[in-house]
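Secondary and tertiary structure notes
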Amino acid sequence: MRSLRSLRSGLLAPLLAGVVAAGSLLVTAPAAHAADAPLRDLAEAKGKVMGTAVTGSKLTGTYGEIAGREFNWLTPGNAMKWGSVEPSRGSYDWAEADQIVNFAEAHGQQVRGHTLLWHQQNPGWLTNGSWTRDQLSAVVQDHIATEVGRYKGRLAAWDVVNEPFNEDGTYRPTLFHNTLGQDYIAQALTWARAADPGAKLYINDYNVEGVNAKSTALYNLVKSLKERGVPIDGVGLQAHLIVGQVPSTMQQNIQRFADLGVDVAITELDIRMQLPATQAKLTQQAADYEAVMNACLAVARCSGVTVWGFTDSDSWIPDTFPGQGAATPYDENYQPKPAYHAIAEALGGTTTPPAGACSATYGVTSQWSTGYTGQVRIACSGASLSSWKAEWTFGAGQRITQAWNASCTQSGAAVSCVNASYNGSVPDGGSVTFGFNGSWSGSNPVPVVTLG
């Protein structure tokens, strides 16, 4: 895959940064910290959604600005789970959930409700209760009617049932399954539809991104629900992935669900790595994000992609998988990583590195009466290049007579030097240097160099 944060011809304008040493000039190029268009705009142009999970209390400052600018769907990370909204029976706390919904509406975003029934993050009064089938059925129906009903007409979709299967495709033995039977899923979907007929209803699970026993069990369940007339609008593939391990059958799997007549959403995408992060790992992660995006883009009924938190500072990975992390498109300082640029480019956008991320330093290393030796050092910090071209215009009639580690041409006063076959890649934190001999007469002023 090509470098995703490379400098592109025509995107960069020269900016004189000043003389850094005698006979040496550093020139950098202005650039944005993000894609030339927000991810949400790029996704909308493709008929897709681009979402993120958020923490309501953080929706201010830089976090809130990025969440509002880049995404057109929001998923509450924890605020709508049963333990959060009803910690004591009959006593509800909607503060954070309301905050997220209000933020979304103020920023022209849709909300994905998450999640109504799950075997984790339930209140103690529920999990420690001794319930008959009829009692628990009434409790579940009331919970769904209350929560979905509160946001009727304001939420676009709900993850009604979350993670119902074991890895081998058998049903997970949860409170709901053990007490209500496997038809608790159909009941929950039916109750959710009654509470808000306009919201799309999903079943959501992890490790179902490719074709395997677990995804096949989910496929068979959805097929059966459709045949029975149970309301089911889509499946959510969580996509908590590991660098270098995107399933090869992901697009095929998305397509087979779509062929059942339901939508498919990538609902919780993150791609973790063993820390520390390196340029090689970040490059592979970018390729993996692009692969997931492309799998969704290839299927018309894949509605879009939601990342499970957009910044590493708000990621669940380090606490859950010790020694792993760096799983999201932004680093802990809210700087876009190669993964961000991969998403943007998959959606048809163009990206430029952060300001000053790659620079060219022109230097004169030795000089004599009629000639001199010069060099240009290209260095990157916060970006990488897959190829480069350095250009400048001489101001006093200088001529290049010989070059090494680059192919240089000169037309009049204009010089253009491109990388050799072996040194086009400049990694984040790395540099390459090429040199040349030239002639001069009278004066040898330092030219302005641009990268393209």
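Scoring rules and cut-offs
Residues numbered from 1 in each chain as written. Predicted model: local features only at pLDDT ≥ 70, side-chain atom pairs only at ≥ 80, totals over all residues. Heavy atoms only, no water. Domains from an automatic or database assignment. Helix = DSSP H or I, 4+ residues; strand = E, 2+ residues; numbered from the N terminus. Contact = heavy atoms within 4.5 Å. UniProt positions renumbered as here; feature names shortened; annotations may be inferred. 1 Å grid on protein atoms, 1.4 Å probe; cavity = no way out; pocket = protein on both sides within 12 Å on 5 of 7 lines; lining within 4 Å. Points joined across faces, edges and corners; volume = space filled by probe spheres on them. Nonpolar A, V, L, I, M, F, W, Y, C, P; charged D, E, K, R; others polar. Disulfide = S-S within 2.5 Å. Buried < 20%, exposed > 50% of the residue type's maximum accessible area, 1.4 Å probe, protein only.

The next subject is the domain arrangement of the protein chain. Entries for the protein chain in the domain assignment read domain 1 (39-347) and domain 2 (357-451). One C-alpha centre belongs to domain 1, the other to domain 2, and the line joining them spans 50 Å.

The next subject is the side chain of threonine 306. Tracing the chain through its elements places threonine 306 in strand β11 (residues 302-307). Setting aside its immediate chain neighbours within four residues, threonine 306 contacts Gly51, Thr52, Ala53, Thr75, Ile266, Thr267, Glu268 and Leu269.

This part takes up the UniProt feature "domain: GH10" (unreviewed entry) in the protein chain. Those residues carrying the UniProt feature "domain: GH10" (unreviewed entry) are residues 36-346 in this numbering. Along residues 36-346 one finds 42% helix and 18% strand; the C-alpha atoms at either end are 13 Å apart.

Okay, empty space enclosed by the protein next. Taken as a whole and assessed by the stated rule, the structure comprises two cavities of 30 Å³ or more. Of the pockets and cavities examined, the second largest cavity occupies roughly 40 Å³. Along its surface, the second largest cavity is lined by Leu117, Trp118, His119, Val161, Asn162, Glu163, Pro164, Thr174, Phe176 and Tyr184. Across the lining of the second largest cavity, the residue classes break down as six nonpolar, three polar and one charged.

Now for the state of the cysteines. Going through the model one piece at a time under the given rule, you end up with three disulfides. With a sulfur-sulfur separation of 2.1 Å, cysteine 296 is cross-linked through a disulfide to cysteine 302. Residues cysteine 296 and cysteine 302 share a disulfide whose torsion about the S-S bond is about -105 degrees; that sign makes it left-handed. By relative accessible area, which is 2% here, cysteine 296 ends up buried. A sulfur-sulfur distance of 2.1 Å marks the disulfide that ties cysteine 358 to cysteine 380. Here the disulfide of cysteine 358 and cysteine 380 is right-handed, its torsion about the S-S bond being about 105 degrees. Note that cysteine 358 is positioned in strand β13 (residues 358-367) and cysteine 380 in strand β14 (residues 371-380), a separation of 22 residues in sequence. For the pair formed by cysteine 358 and cysteine 380, the shared burial category is buried.

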